[in-house]
Every structure is written in structure tokens, then in C-alpha cells.
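Remarks on the overall topology
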Amino acid sequence: MRCLLPTGELTEAVVRSAARGYDADVVVTGHIAAFLRPAHLKEIARGGSYDLILVSGMCTASFAAVEEELGIPVYLGPRHAVDLPLILPLLGTVELSRTVPADELLRDIRRKEAEATLADREAGADFDYAIAGCRIGGSSRMKVLAEIMDAHRREDLAAEASRMAASGADILDLGFGFDATPEDVLRCLGACRDIGLPLAADTQDPALILAAIEGGADLILSLQEENLPEVGEAAREAGIAAVVVPGGASLEENIRAAREAGIMPVIADPLLQPVGSGLVASLAGFEPVGCPLFFGAGNVTELIDADSVGVNALLAGLAHEAGAAVIFTSEHSDKTRGSVREMRRATEMMALMGTRPYPKDLGLDLMCIKEKRRRREPPIPYEREVPAGPVPETLEYDPYGNVRIGIAGGRIVAEHNGTAYTGERWDEVFYALLHHESVSLLDHAAYLGKELYKAELSLRFDRSFEQDGSF
């Protein structure tokens, strides 16, 4: 496949290096590749017998007229020339776009392929149990059990349950403290019944377990030798699934007692300990016991002051190697908010790994702040340097008035003279302010751009926002 690669002076060396070994002509069209004009492209492409033209992904011009006159398709390449080696090997096998840069398109293609693979594997997986339609064990994906701690104290329980379902929870776990009553359990189960997920009740209090069984819970956590005699018969008659834990008796003894009581399905929780309290030693307890294993990752994530993204990814990897069928997580504190989404993605990565030795280059990832590949762009040439000096101490207020910026309901809010301009992107809100003549000074416009983008980042990373504060 013969292709034309227009480029700029700044990226010529990078593009020529990437094109080496391909049937491609590299042509410098100006200082910056993104400024390529259709008329100029028509001049350099005419008579070249090309199968396609790959322009910079930063180009905003329409090349439809070039295609129509020359009969050569013009596609957007990657936004950054350093990504060209990832795209060239795919020419002829991937349908590129005239509107979406190739690097974005490739990322989307790989993500969709990964999602389709996950769906196919789950549909064809064998499993040990199905709890309210949710496949547990076998070759099915490890399922995320998301806990709402002290559910009986939550005024926003139904909304929080819906949020966790939207974040990717497979099973919703309602936690009840010892101050909860059977009526609380029934009320909470009723409030969450319509979210469409299997419901678990998390308590060791026999009275609360019995209330959960009465209220139609699909799974109870946790059975051991002290509560089994009181709830075993009701659990057997209801056919409810149960997580069994060690207590005064061993895990194996309690599993045997649960089965003798006729309880089925049974899931075994060897009890994972937090870092510093026996994490490594407790991992040794994750051995085959004749039923699916439960991996309590949430306690580890909550009890370490580190960003939850990497912690959850590693814990999901440990759970995968341990053969766990269900992984527990929670969002009890601000620092672990987002853990359900993170853990769901991590379990999908483990499921996609298949026979690969490592969970990387899967089409899905948990990269959040850091980059997988650093782009090393050529330096910007200049003739004169002007070091930036300090910002003037005297502030000139915009005669059009001040703008208060905040975030609410998943949107940026910019209030000006009683009118709120809202949106999910900083530039949308900024241009709304410009359009409605809410800003007149250049330095005020620069300030608003900075604060609005900071607000967008706060939304993207689910962080709090403070106008004029650091991110």
C-alpha cells in the first residue's frame, strides 16, 4: 500500500524514521503539519499514484475536495508524530477516519474489541453457581461485590445503590452494624430491590440474617459456628447463598457445618488481612476448599494511605492468582471513592489476560494520571527568549463583573451576575461566558480558563474543587 505522509519541519525526522521500510513518501508541507491547507495537499499529491494520504491528526481542515478530485482517500493520522509507528503497521487492516485522529480511533477500536471479547467469554463461561442470574466461579469473570457500609443509616441509600450499579458492581452488599434492627434490614432491601443487582446482607447477627432471608436477600455474609445453628434452617429453606468465614472453628469446619445444614450455594472467605496485620500470611489461606473463594480486598484498600487505583489493580491480580470468584470492595472513605469502578475494570483486565503472562496491552487499562508511553516531541525552535516575570500584585477587576466557579451534579458551574453557565467541559463554559459578554479583560479570560479547566479535572478525577486553591 503506497501512502503519502505530509509533515512539518518540526516532525520531519520523526516521520521519516517511522516510514522507513514502508512504501511511503514523506513530504514537508510547512513549519507545522497541522496547518496543512487542502490546496497545498492537492498540489503535492497530484500524480503520485497513492492508495491513501495520512495527514496529521491535528489537522482541522476538510480534505473532501481533495479526495473528490484526486480519488485518493485522506485520513487523519495520529495527533503526535511519535505515535506513527503504532499506526503504519495497521494500514489496510483498520478502517481509519476522516474526523477522528488515528491514535484515538485505535484506542477506541481496541477498547471495543476488548469489551466484545469479555462479553463473548462471559456468555460461554462455565460457572459453579448463579446467584440471581450472576455467574459465580468456574471460568466466569471474577465478580465485584460492592459494600454500602451502615446501609441503615444512609438517607440516600437508593441513590448510592444506583451509583454503585452504574460504576460496575455485580452484587450490591448492604452492611449492617449492631445498632441495626430487623426492620432496618427489611427497609433497606426494599429500597434497593429495583436496581437490578443481586442483593447481599452483611452481618453476623442472627436476628439480622433472619430478617435478610425474610426480605429476599440473594446472599448473606457471613456464616460461622456461632450463628449457623440459629439461621441454618431458614437459609436452607430459602435456598439462599452464603459466604462462610472462619471463627472459633476453622474455615473448613464451618463450610462442612453449612453444607450439613443444607445451605447451598456456599462461598468461602479465608479473611484477607490488611497490610501490617498479616496480609502475606493470610494469602496462604487461599487454597482450594471445594467451593468458590471470596477475596476481601476492601479492607486492604481502606487501611492504606495510597491512591486506590493501583492498590485495587494489584489486589485484583492477587485475587486472580488465588483463584477467587468474588472480590469485595467498598467506598467507605473519600480516598477510596471510585473503587467499585476501578475494581470492575481490574477484574475485566484479569479476565482478558487469558493465557498471557501479564495483564498489559489488553485494550482496557487502569492508567489514570501517569502515561503508558511518554511522547518525546522535538524541541520548539525560537530566536529569542523572554523569561516570565512575577504576576503584578495589583489586581484589576473586570468591569463586566466577577465569576464564581464551582462543581455540582457532575457539572461545572460558573455564576456571573446571577446567571449560572454550566457544562462538563471547561471550554464549553468559557465560550458561554464569552458569548454572553461576561468577560472583557485578557488576564481575566486567562484566569477563567485556568480555573474552569481545574474544575474539569476535579470532575474527571472525582476530587473536590476550590476556586483559587491548588488542584
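Up top is the structure.
In what follows, the accompanying structure is described. This one's a predicted model, so the numbers in the text were calculated from it and none came from an experiment.

1. Focus on the environment of A166
- Take A166: it is sitting in helix α6 (residues 157–167).
- Along the backbone, A166 and V340 are 174 residues apart, and their C-alpha atoms lie at a distance of 9.5 Å.

2. Considering the packing of aromatic side chains
- Across all of its chains, the model carries five aromatic pairs by this definition.
- For the ring pair W426 and F430, a centre distance of 6.1 Å and an interplane angle of 45° mean the geometry is tilted. With W426 and F430 both in helix α15 (residues 426–435) and four residues apart, the pair spans about one turn of that helix.
- In this structure W426 comes out as partly exposed when scored by relative accessible area, which is 29%.
- An aromatic cluster is present here, built from W426, F430, Y431 and Y453 joined pairwise through their rings.
- One Lys or Arg, R463, reaches over the ring of F471 and ends 5.0 Å from the middle of that ring.

3. Describing the packing of α15 against helix α16 (residues 442–460)
- Running from N to C, α15 and α16 point in directions that differ by 145°, and their axes come no closer than 8 Å. The two elements α15 and α16 cross, and the hand of that crossing is right-handed. Judged by residue contacts, W426, V429, F430 and L433 of α15 engage A445, L448, G449, L452, Y453 and E456 from α16.
- Per-class residue counts for the contact of α15 with α16 are eight nonpolar, one polar and one charged.

4. A short note on helix α8 (residues 206–214)
- Three or more residues of α8 are buried, namely P206, L208, I209, A211, A212 and I213.
- Buried positions along α8 lie against α7 (182–192), β9 (199–202), β10 (219–223) and α9 (228–238).
- Once α8 finishes, G216 follows within two positions and takes phi at roughly 85°, a positive value.

5. A word on the sheet that holds strand β4 (residues 74–76)
- The parallel open sheet is built from four strands, whose spatial order is β2-β1-β3-β4. The open sheet has two edge strands with one neighbour each: β2 (24–30) and β4. Across the sheet, the mean angle from the axis of one strand to that of its neighbour is 25°, orientation sign disregarded.
- With six bridges joining them, strand β1 (residues 3–8) and β2 adopt parallel strand pairing. Residue pairing for β2: L5 is matched across the bridge by V26.
- The sheet strands contacting helix α2 (residues 38–45) are β1, β2, β3 (52–55) and β4, and the helix crosses β1 at an angle near 130°.

6. Re the pattern of salt bridges
- Under the criterion given, the structure shown has 35 salt bridges.
- In this structure, the salt-bridge partner of R46 is E69, at a minimum N-O distance of 2.7 Å. Taken as a pair, R46 in the loop between α2 and β3 and E69 in helix α3 (residues 64–70) lie far apart in primary sequence, 23 residues in all.
- Judged by its relative accessible area of 46%, R46 is partly exposed.

The rules behind each value
- Residues numbered from 1 in each chain as written.
- Predicted model: local features only at pLDDT ≥ 70, side-chain atom pairs only at ≥ 80, totals over all residues.
- Heavy atoms only, no water.
- Helix = DSSP H or I, 4+ residues; strand = E, 2+ residues; numbered from the N terminus.
- Phe/Tyr/Trp six-rings, centres within 6.5 Å; stacked < 30°, edge-to-face > 60°.
- Buried < 20%, exposed > 50% of the residue type's maximum accessible area, 1.4 Å probe, protein only.
- Lys NZ or Arg CZ within 6 Å of the ring centre and 35° of its normal.
- Axes fitted to C-alpha atoms, helices over the stretch in contact; angles between N-to-C directions.
- Left-handed = near helix turned anticlockwise from the far one by under 90°.
- Contact = heavy atoms within 4.5 Å.
- Nonpolar A, V, L, I, M, F, W, Y, C, P; charged D, E, K, R; others polar.
- Pairing = 2+ DSSP bridges.
- Salt bridge = Lys/Arg side-chain N within 4 Å of Asp/Glu carboxyl O.

Function cannot be read off these values alone, since they describe shape.
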